[in-house]
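# Report on the structure
What follows is the residue order along each chain.
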Amino acid sequence: MTTAGADISARRLKAKIPGPDTGIEIKKSICAICDPATQCGLDVFVRDGRVIKVEGSEEHPFNRGSLCAKGAAHRQYLYHPDRIKTPLLRAGPRGSGRFEPVSWSEALNLTAEKLLQAKEKFGPESVVFFSGYTKYPRPFLRRLAHAFGSPNYCTESSTCNTATAMAQKLLFGRPGSPDLPNSQCALIWSCNYFHSNHGQAMALQRELDRGLKMIVVDPRLTPTTAKASLHLRLRPGADGALALAMARVIINEGLFDRRFVEDHTYGFREFAEHVQDYTPARGEELTGAPAEKIILAARMFAASKPASLVYSASPVVHNTNGVQNYRAVFSLLALTGNYDVRGGNLAKSSSYLHVAAKFATREREFESPRPMSEMAPMIGADKFPVWAEIAGGEAQAMRLPDQLRSGRPYPLKALLGFGLNYRMWPASENFLESWNSLDFVINADVFMTDSCRRADLVLPVCTSLERAEFRAYPMGYAQLCQPVIAPLHQSRPDVDVIYDLAEKLCPDDPLFKKGYEESLNWILEPCGLTVEKLKNRPEGLYVDNLQETVERKYMEGAATPSGKIEFKSMILERYGEKPGLESLPAYHPPRLSREARPDLAAEYPFILNTGSRLPMFLHSRLNHLSWLRSLRPGHPAVDISPIDAERLGVKAGDALLLSTPAGSVKVKANPTRMALEGVAHLYHGWPQANANSLLAGDYLDPISGFPGYKSSLCSLKKATEGTEGTEG
Ligand SMILES: Nc1nc2c(c(=O)[nH]1)N[C@H]1C(S)=C(S)[C@@H](COP(=O)(O)OP(=O)(O)OC[C@H]3O[C@@H](n4cnc5c(=O)[nH]c(N)nc54)[C@H](O)[C@@H]3O)O[C@H]1N2
Ligand SMILES: Nc1nc2c(c(=O)[nH]1)N[C@H]1C(S)=C(S)[C@@H](COP(=O)(O)OP(=O)(O)OC[C@H]3O[C@@H](n4cnc5c(=O)[nH]c(N)nc54)[C@H](O)[C@@H]3O)O[C@H]1N2
Ligand SMILES: [Mo]
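From a predicted model like this one, the values you see are computed outputs, not experimental measurements.

The buried fraction of strand β24 (residues 655-660) amounts to 5 of the 6 residues, a majority that puts the element mostly inside the structure. In this sheet, strand β25 (residues 663-671) lies alongside β24 in antiparallel orientation, the contact comprising 6 bridges. Each residue of the ladder has a partner; that of Leu 656, found in β25, is Val 667. In sequence, β24 turns back onto β25 through a hairpin of 2 residues. Here β24 runs beside strand β27 (residues 712-718); their pairing, made up of 4 bridges, is antiparallel.

A word on the nonpolar core. Burial of nonpolar side chains together is a common tendency in soluble globular proteins. Residues Trp 189, Leu 335 and Trp 435 are the most contacted members of the largest nonpolar core, which totals 111 residues. Here the element with the most residues in this core is helix α10 (residues 239-252); it accounts for 10 residues. In this structure, Val 127, Leu 141, Ala 147 and Phe 359 belong to the second largest nonpolar core, which totals 84 residues.

So, on to the packing of helix α6 (residues 162-172) against helix α15 (residues 322-335). Closest axis-to-axis distance for the α6/α15 pair is 9 Å, and the angle between their directions is 50 degrees. It follows from the interaxial angle that α6 and α15 lie oblique. Here the hand of the crossing between α6 and α15 comes out right-handed. Contacts between α6 and α15 involve Ala 163, Thr 164, Ala 167, Gln 168, Leu 170, Leu 171 and Phe 172 on the former and, on the latter, Val 323, Tyr 326, Arg 327, Phe 330, Ser 331, Leu 333 and Ala 334.

It is worth spelling out the packing of aromatic side chains at this point. Counted under the stated rule, the structure contains 27 aromatic pairs. Here Phe 140 and Tyr 516 contribute two aromatic rings whose centre-to-centre distance is 5.3 Å and whose plane-to-plane angle is 75 degrees, an arrangement assigned as edge-to-face. Taken as a pair, Phe 140 in helix α5 (residues 138-148) and Tyr 516 in helix α23 (residues 516-524) lie far apart in primary sequence, 376 residues in all. Phe 140 sits in the buried class, given a relative accessible area of 0%. Classification of Tyr 516 by relative accessible area gives buried; the value is 13%.

Around ligand 2, the surrounding shell holds 34 residues, and the nearest of these are Ser 196, Asp 218, Asp 239, Ser 312 and Phe 617. Between an oxygen atom of ligand 2 and a side-chain N or O atom of Asn 319, the distance comes to 3.2 Å. The protein chains hide 97% of the 910 Å² of surface that ligand 2 would expose on its own. Of the residues that constitute the shell around ligand 2, the class distribution is 15 nonpolar, 13 polar and 6 charged.

Once that is clear, we can look at empty space enclosed by the protein. Counting across every chain of the model gives 1 cavity of 30 Å³ or more. Put simply, the largest cavity is a space of about 80 Å³. Arg 220, Asn 609, Thr 610, Gly 611, Ser 612, Leu 614, Arg 632, Ala 637, Asp 639, His 681, Leu 682 and Tyr 683 together form the lining of the largest cavity. Only β22 (606-610), β23 (637-640) and β26 (679-682) provide two or more residues apiece to the lining of the largest cavity.

With that settled, the discussion passes to the sheet that holds strand β1 (residues 25-30). Read across the sheet, 3 strands follow the order β1-β2-β3 without closing on themselves; strand pairing throughout is antiparallel. At either end of the open sheet lies a strand with only one pairing partner, and these are β1 and β3 (50-56). Taking the axes of each pair of neighbouring strands and ignoring which way they run, one obtains an average angle of 30 degrees across the sheet. Taken together, the 6 bridges between strand β2 (residues 41-47) and β3 define a ladder with antiparallel strand orientation. Across the sheet, residue Asp 43 finds its bridge partner in β3, namely Glu 55.

A word on the site of ligand 1. The full set close to ligand 1 counts 34 residues, and Asp 445, Arg 467, Asp 494, Ser 620 and Asn 692 are the nearest of them. A distance of 2.8 Å is found between an oxygen atom of ligand 1 and a side-chain nitrogen or oxygen belonging to Asn 421. Asp 494 places a polar side-chain atom, nitrogen or oxygen, 2.7 Å from a nitrogen atom of ligand 1. For ligand 1, whose free accessible area comes to 920 Å², the fraction covered by protein is 98%. In terms of residue class, the shell around ligand 1 is made up of 13 nonpolar, 14 polar and 7 charged. Shared between two domains, the shell around ligand 1 takes at least three residues from each, and those domains are domain 2 (88-156 + 355-529) and domain 4 (598-718).

Looking now at the packing of helix α13 (residues 280-287) against helix α14 (residues 291-303). For the pair α13 and α14, the least separation of the axes is 8 Å and the interaxial angle reads 115 degrees. Relative to α14, the element α13 lies roughly perpendicular. Relative to α14, α13 is oriented so that their crossing is right-handed. Contacts from Pro 280, Ala 281, Gly 283, Glu 284 and Thr 287 of α13 reach α14 at Ala 291, Glu 292, Ile 294 and Ile 295.

Before going further, it helps to spend a moment on the layout of surface pockets. Empty space within the second largest pocket amounts to approximately 310 Å³. If you go around the second largest pocket, you meet 22 residues; those closest to its centre are Arg 235, Arg 594, Glu 595, Ile 607 and Gly 678. Listing elements by their share of the lining of the second largest pocket, those giving two or more residues are α13 and β27. Split by domain, the residues of the lining of the second largest pocket number at least three in each of domain 3 (162-351 + 558-573) and domain 4 (598-718).

Now for the domain arrangement of the protein chain. Taken domain by domain, the protein chain holds domain 1 (3-78), domain 2 (88-156 + 355-529), domain 3 (162-351 + 558-573) and domain 4 (598-718). One C-alpha centre belongs to domain 2, the other to domain 3, and the line joining them spans 35 Å. Counting across the interface, domain 2 meets domain 3 through 0 salt bridges. On the surface where domain 2 and domain 3 come into contact, there are 6 residue pairs in polar contact (both at pLDDT 80 or more). Taken together, the elements giving at least two residues each to the side of domain 2 that touches domain 3 come down to α16 (363-367) and α17 (385-390). Of all the elements, α17 adds the most residues to the side of domain 2 that touches domain 3, at 4 residues. When its residues are assigned to classes, the side of domain 2 that touches domain 3 shows 8 nonpolar, 2 polar and 4 charged.

In this section: the environment of Lys 227. Assignment of secondary structure puts Lys 227 in the loop between α9 (223-226) and β11 (230-232). Overall, the relative accessible area of 36% leaves Lys 227 in the partly exposed class. A polar side-chain atom of Lys 227 sits 2.8 Å from a polar atom in the side chain of Gln 205.

As a further point, take the sheet that holds strand β18 (residues 469-473). Spatially, 3 strands are ordered β18-β19-β20 in an open sheet, and the strand pairing comes out antiparallel. Since the sheet does not close on itself, it has two edges, and those belong to β18 and β20 (541-542), each with one partner.

Take the side chain of Ser 583 next. With respect to the element layout, Ser 583 can be found in the loop between α25 (570-573) and α26 (598-601). Engagement of the side chain of Ser 583 in a polar contact is seen with the side chain of Glu 577, the distance being 2.7 Å. Once residues lying within four places of it in the same chain are set aside, the contact partners of Ser 583 are Arg 327, Phe 567, Lys 568, Ser 569, Leu 572, Glu 573 and Glu 577.

Our next topic: unusual backbone geometry. For the bond from Arg 408 to Pro 409, the omega torsion is 0 degrees, close enough to zero to count as cis. Along the chain, Pro 409 turns up in the loop between α18 (400-406) and β15 (414-418). At His 489, a position not held by glycine, the phi torsion is positive, near 50 degrees. Residue His 489 is classed as partly exposed on the basis of its relative accessible area, which comes to 43%. Within the chain, Arg 552 stands out as a residue other than glycine whose phi angle is a positive 50 degrees. Tracing the sequence through the fold places Arg 552 in the loop between β20 and β21 (565-566).

Reading the values: rules and limits
- Residues numbered from 1 in each chain as written.
- Chains lettered and ligands numbered in written order.
- Predicted model: local features only at pLDDT ≥ 70, side-chain atom pairs only at ≥ 80, totals over all residues.
- Heavy atoms only, no water.
- Buried < 20%, exposed > 50% of the residue type's maximum accessible area, 1.4 Å probe, protein only.
- Helix = DSSP H or I, 4+ residues; strand = E, 2+ residues; numbered from the N terminus.
- Pairing = 2+ DSSP bridges.
- Core = buried A, V, L, I, M, F, W, Y, C linked by side-chain atoms within 4.5 Å.
- Axes fitted to C-alpha atoms, helices over the stretch in contact; angles between N-to-C directions.
- Parallel < 35°, antiparallel > 145°, perpendicular 65-115°, else oblique.
- Left-handed = near helix turned anticlockwise from the far one by under 90°.
- Contact = heavy atoms within 4.5 Å.
- Phe/Tyr/Trp six-rings, centres within 6.5 Å; stacked < 30°, edge-to-face > 60°.
- Near = heavy atom within 4 Å.
- Polar contact = N/O pair within 3.5 Å; in protein donor to acceptor, adjacent residues only side chain to side chain.
- Areas by Shrake-Rupley, 256 points an atom, 1.4 Å probe, with all protein chains shown as cover.
- Nonpolar A, V, L, I, M, F, W, Y, C, P; charged D, E, K, R; others polar.
- 1 Å grid on protein atoms, 1.4 Å probe; cavity = no way out; pocket = protein on both sides within 12 Å on 5 of 7 lines; lining within 4 Å.
- Points joined across faces, edges and corners; volume = space filled by probe spheres on them.
- Domains from an automatic or database assignment.
- Salt bridge = Lys/Arg side-chain N within 4 Å of Asp/Glu carboxyl O.

As structure tokens, then:
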């Protein structure tokens, strides 16, 4: 090469331009830092087996070239010094943090030995299989648990999405998703895509540009509320009261779809009576949203045809009356005949990992090799029978601490976790303490987390850039990414660990015997995709032969006991109208609220609301990255309204002691107009200020078992030198 040529190449290298001269290659992958409805296509720039840059893939239909701050921090995530480098076996007392490296074969043999020992002595149900927020290994982990004979496969979905699906199942029999491109008006009930899902945010923005009207229900001011035609600003947890007040306007003003209600619903008369208590004035009193706005919103929603409901996996159901509240909200779709119609919410079946991608797979059959009836009752079946009946065959992990402590209805002896984060549980420290009754705890994670430090055996797994994983996208797109670099250190993909364990735990399982790729081929057979086809298109492909959208499937009978859409749930009728389990969507204020506990409200005058998404963090998994921390300096912080800050006499960055009856943490004040007066918003996932140490372990919704993360009571006091929270 000439000197000039070498000079140009050096400049091209510095600019990270791919080509033979620079040795930089672009490889296709996906960003699995978020999961799974939020995964962006990635162009990964690789040189000498090292990732030197990441960009969003232009051609990817989900993110169309864009990438959020989290994805852009990929290199720091991948190469972080806290990555677990080898399997580690505890070498001191549990929790001492002393470990010694062991080989993978030792680690897997020991895991199998301990799990089989527990099975032999206490039955297969004594082994718990858990997956944290990571979704891609789930069908394989669930099959492993059930093939082993344990009904105790559980996941982070004990706090996310399942309760929202349950609310819809009780009402419609089958969940649906908003069909925004054909909608005139979207009622966005607690969703802030602009912070939680930038791919969906771009899609929503396209519809707003087209002229979609948007009503947003949210306690805070957010980028979504800023774009709304109407914003209903309610107190957290008051959703049911607001929805019932809107339903009353729609019914009493005759704005409902009479034909649809008469022909296809059950319990309308009782529902219409039930809502009469919720006058607009009472709605205002119970929720804080002005009566005239409640009337306006109801009229606007009912008058727009078709109209859809954008809902979330979490905030509404993170309340102690969450499922009932969302049932009341979804009833608005039923009242207005906007269920399972174009432009309303279309009932769809999930293709893979809860994504309705319009192609058929055998995921369900794969993950359930044995009927639940052949196994012991799952964890939580005693306390949350509705969950056990309709949640889809996962154990309710929020009951794990109690069953560990009591050994009832049967003892639990071993826990195999993939990305288990103990701070996800309310009363997190109590959950940790309950591990004392376990003979063996294994946790597989990317990073050496505090949960790993409490385990007996730690397994290093790799990130999406180092593994092959299959993803489905709602636009009928599918992708099987391939590793763009070899797994770092001795880390391995979760699924490889699962398949190796299957060889030892259920050696006769016909699909495990065939391996991961053949299993995928089996799962994908109905839609004609094969691993080979997918490998040839690492950037992903549109699937042929998508299923046609069929509307009004309820005409042939809804998947409910009555065969109709149920304002009054026949499933819940069987539970004897117990408080919280009423067959009509009853409203109960949050169990810890001024309304329910006036005795506590004087000492704890603020509403505590935890976990509203911040664009640069994701639960517990990114707060150790300095690039992302620099985007919100001074964190962990509590967001409060400037009015409250003034009353408390604090400025941005001042220390505050945030206390509840369950615990206290020290945080910085962050006065912001986004926060509603009287509400303290705290992000979750921080070791130094764990939001979930502030809640009691039984602060759960009686239908779903979901924790009331979004509404309880707290106090805020300016902290002086030496003030300490109770959780480190
Ligand atoms: N207070 C409060 N608590 C909440 C919420 C809230 O709003 N407020 N939200 C709830 C909701 S909706 C959710 S979804 C949960 C999420 O709860 P968590 O499961 O706690 O989520 P993360 O912290 O993202 O991930 C857990 C672990 O997975 C590890 N991990 C990352 N990638 C992989 C991988 O590929 N394989 C394996 N094996 N491990 C991996 C991470 O390093 C991390 O240690 O939190 C719930 N908790
Ligand atoms: N950056 C980032 N993105 C994420 C995540 C993350 O941790 N970080 N987590 C992912 C996961 S697991 C989930 S489940 C989704 C959640 O996704 P979203 O639901 O879109 O996000 P949130 O910020 O949790 O909640 C949306 C809005 O609900 C409001 N809200 C809070 N409490 C209540 C309430 O009681 N009633 C009503 N009506 N509204 C309330 C909040 O003010 C917030 O603006 O985000 C996903 N995306
Ligand atoms: Mo979630």
